[in-house]
Amino acid sequence: MYDVGITFEGPKCIVDFGRGKFVLDGPDRGQERGQTYDFAVYALIAVGLAKGIGFRFPYPISTEVQTRVRENLFVWDAWRKKHLRSTAFEFSQVAAPRPRAESGGIIALSGGIDSTYGALIAKHQLGITDALLIAGADYSDAGQAGFVDLRRRVQAIADLIGLRLHVLETDIRSLGINWTYLHPMVLAACLHYAGGGLKHGVFSSDSTFWIDLTSTSSANYPGFIETLSTDQFPLSHVGSNATRVDKLKFLDEMLPQVFDHMSVCWKDTATGGNCGTCEKCRRTQLCMVSAGLDPRRMFPNYQPLAEIFDATPLPRKRDKILTQGQYFTKSLRHLPIGPERDAAIRMLTRIQDATGGHFMQGATPDFGPIPVGSVARLLDDKSGIISPVIRG
Ligand SMILES: [Zn+2]
């Protein structure tokens, strides 16, 4: 067990645990700090699982945090993920409960399709007011040229949606955090830290409920977020009920100018923006074609996909192949008849061959995507079908 020490230098918080330290730097929203240290606990779950160490935590936390931590670690224990180790916490202080803020909310916004869609939905349905761009997630630090460029684009997106944008920089990834599994804890830590004085925080899903069921590639699940919430600052999850094609159509209908600023690619961190040729850029282009949108709106150097798919080798790892299969299967539900559809079918055949047919059995249930319908219906929806998962 390691003793945790926490110090503040203005908006910067330094969390030291004897064997290492990390910072959460900014933003300075003029919010109250220091009544609870819940944010640091969530970040330390990620550190503990990565390093296999436990912590004695001497700062006040919300009453329910001990239970949340137990629930969170229970899930990790049940999943028995490779590369993750076990951790433990000893807490010694509970803060007196405070009333929850009455308004305002903050969403993590990276400027891709999922978080842009999430921000727009959360602004209208949940009344969020602020957005948080995290430096140290996909780019190593806020000074990297690519991040400076990203920040400019995300600012433009936040302005279009009508959210105040803040930037928080963290170096926590340098501790060897497995980002795929552990990023929800870091995101939660950043939202708890930056969202003081606001009513709640919001995550955007990056996959649908169906993909979560069939292709477990991350821990960003709506259910998991419960373990990262407190009564005073609950977290919600938006977007699991829309496919990426639905999201693109929705954004085109609601906020078409946003396509000038969104980026999905982390390949070229020197300049930021979309390279247009990596696997993620190509997947997004396919979604745009499926949504009936011109890919050149986000990818000025777009080359017709039909020619490219045939020449593209499958990923080497099986889970990556399965993920790609999910995208191509989904795309067939939307792709208009034409060369892209033919090429997608050829790609699916290759994926089926490479996975011994397993993939197609699991991935072609006979139900279609949830229709997005008109924008007005989506925003007014009270049925619970479109509404995000909300706690608190
Ligand atoms: Zn790219």
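Scoring rules and cut-offs
- Residues numbered from 1 in each chain as written.
- Predicted model: local features only at pLDDT ≥ 70, side-chain atom pairs only at ≥ 80, totals over all residues.
- Helix = DSSP H or I, 4+ residues; strand = E, 2+ residues; numbered from the N terminus.
- Buried ≥ 20, exposed ≤ 12 C-beta atoms within 10 Å, placed from the backbone.
- Contact = placed C-beta atoms within 7 Å.
- Expected span 1.5 Å × (residues − 1).
- Pairing = 2+ DSSP bridges.
- Core = buried A, V, L, I, M, F, W, Y, C linked by C-beta atoms within 7 Å.
- pLDDT = per-residue confidence, 0-100.
- Axes fitted to C-alpha atoms, helices over the stretch in contact; angles between N-to-C directions.
- Parallel < 35°, antiparallel > 145°, perpendicular 65-115°, else oblique.
- Left-handed = near helix turned anticlockwise from the far one by under 90°.
- Nonpolar A, V, L, I, M, F, W, Y, C, P; charged D, E, K, R; others polar.

Peer 1: So what exactly am I meant to see when it comes to the overall build of the chain here?
Peer 2: Counting its regular elements, the chain contains 13 helices and 11 strands. Counting only residues that meet the buried cut, the chain has 45% of its 392 residues in that class. For the chain, the proportion of contacts with a sequence separation of at least 24, taken over those separated by at least 6, is 75%.

Peer 1: Would you mind showing me how to read unusual backbone geometry here?
Peer 2: What you tend to see is this: most non-glycine residues have negative phi, and most peptide bonds are trans. The linkage connecting Gly26 with the following residue, Pro27, adopts the cis geometry, with an omega of 0 degrees. Take Pro27: it is sitting in the loop between β4 (21-25) and α1 (38-51).

Peer 1: Any chance you could explain the environment of Leu228 here in plain terms?
Peer 2: Looking at the element boundaries, Leu228 is found in the loop between α6 (209-214) and β11 (235-238). Under the C-beta neighbour-count criterion, Leu228 is labelled buried, with 29 such atoms within 10 Å. For Leu228 and Val69, which are 159 residues apart along the polypeptide, the C-alpha to C-alpha distance reads 7.9 Å. Leave out the neighbours within four places in its chain, and Leu228 touches Tyr42, Arg68, Pro184, Met185, Ala188 and Leu235.

Peer 1: What's the story with α1 in this structure? I'm lost.
Peer 2: Residue pairs three or four apart in sequence face the same way in an α-helix, which turns once every 3.6 residues. In this model α1 runs 20 Å from its N-terminal to its C-terminal C-alpha over 14 residues, within 8% of the 20 Å that 1.5 Å per residue would give. Of all the 14 residues making up α1, 13 are buried; the element is thus mostly covered by neighbouring parts of the structure. The first or second residue beyond α1 is Gly52, which carries a positive phi of 70 degrees.

Peer 1: Help me out: how do you make sense of the sheet that holds strand β1 (residues 2-3) in this one?
Peer 2: Where strands meet in a sheet, backbone hydrogen bonds hold them as pairs that are either parallel or antiparallel. Strand order across the open sheet formed by 3 strands is β1-β5-β6, with parallel pairing between neighbours. Strand pairing shows two members of the sheet lacking a second neighbour, β1 and β6 (89-91), which therefore form its edges.

Peer 1: I keep staring at the nonpolar core and nothing clicks. Help me out?
Peer 2: Burial of nonpolar side chains together is a common tendency in soluble globular proteins. Core analysis: the biggest nonpolar cluster contains 101 residues, and Ala43, Ala46, Leu132 and Cys190 have the highest contact counts within it. With sequence-adjacent residues up to four places away left out, Cys190 is seen in contact with Leu24, Leu132, Ile134, Leu168 and Thr170.

Peer 1: How should the confidence of the model for the chain be read in this particular structure?
Peer 2: Parts of the model with low pLDDT should not have their predicted coordinates read in detail. This prediction gives the chain a mean pLDDT of 84; 87% of its residues lie at or above 70. Per-element confidence in the chain ranges from a low mean pLDDT of 34 for helix α13 (residues 375-380) to a high of 98 for β1. Low confidence marks residues 361-392, where pLDDT is under 50. Its contacts with residues over four positions away, or in another chain, come to 47 contacts.

Peer 1: Could you clarify how one ought to interpret helix α10 (residues 318-334) in this entry?
Peer 2: Between the first and last C-alpha of α10 there are 25 Å, a value that for 17 residues agrees with the 24 Å anticipated at 1.5 Å per step. Here α10 has its buried residues at Leu322, Gln324, Gly325, Gln326, Tyr327, Phe328, Thr329, Lys330, Ser331 and His334.

Peer 1: Can you walk me through the sheet that holds strand β8 (residues 130-135) in this structure?
Peer 2: Judged by pairing direction, the sheet is mixed, and its 8 strands sit side by side in the order β2-β3-β4-β9-β8-β7-β10-β11 without closing on themselves. Taken across any chain shown, the strands that pair with only one partner, and hence form the sheet edges, are β2 (5-9) and β11. Taken over all neighbouring pairs, the strand axes of this sheet differ in orientation by 25 degrees on average, direction set aside. The sheet contact formed by strand β3 (residues 12-16) and β4 spans 5 bridges and is antiparallel. Counterpart to Ile14 in the pairing with β4 is Val23.

Peer 1: Help me understand the environment of Ile345, please; the structure alone is not making it clear to me.
Peer 2: Mapped onto the elements, Ile345 comes out in helix α11 (residues 339-354). For the pair Ile345 and Leu332, spaced 13 residues apart in sequence, the C-alpha separation works out to 7.8 Å.

Peer 1: I'm lost on the pairing of strand β7 (residues 105-108) in this one. Help?
Peer 2: Walk down a regular strand and you will see the side chains alternate between the two sheet faces. Taking every second residue as pointing to the same face, both faces of β7 are buried, with Gly105 and Ile107 on one and Ile106 and Ala108 on the other. One ladder, built from 3 bridges, connects β7 with strand β10 (residues 200-204); its direction is parallel. The residue of β10 that forms the bridge with Ile106 is Gly201. Note: β7 against β8, 3 bridges, orientation parallel.

Peer 1: Looking at this structure, I do not really get the packing of α1 against helix α2 (residues 65-79). What am I missing?
Peer 2: Helices that pack against each other are described as a pair by the angle of their axes relative to one another and the distance between those axes. Between α1 and α2, whose axes approach to 11 Å, the crossing angle comes to 20 degrees. By the angle class used here, α1 and α2 are roughly parallel. Helix-helix and strand crossings are classified by hand; for α1 and α2 the assignment is right-handed. In this structure, α1 uses Asp38, Val41, Ile45 and Leu49 to contact α2, whose residues at the interface are Val65, Val69, Asn72 and Trp76. When its residues are assigned to classes, the contact of α1 with α2 shows 6 nonpolar, 1 polar and 1 charged.

Peer 1: Before we go on, may I ask you to explain the pairing of β3 in this structure?
Peer 2: With burial as the criterion, only one face of β3 is covered, namely that bearing Cys13 and Val15; the residues Lys12, Ile14 and Asp16 on the opposite face remain uncovered. Connecting β2 to the antiparallel partner β3 that follows it, the hairpin turn spans 2 residues, and Gly10 within it adopts a positive phi of roughly 60 degrees. Linkage of β3 to β4, two consecutive antiparallel strands, is achieved through a turn of 4 residues, within which Gly18 is found at a positive phi near 80 degrees.

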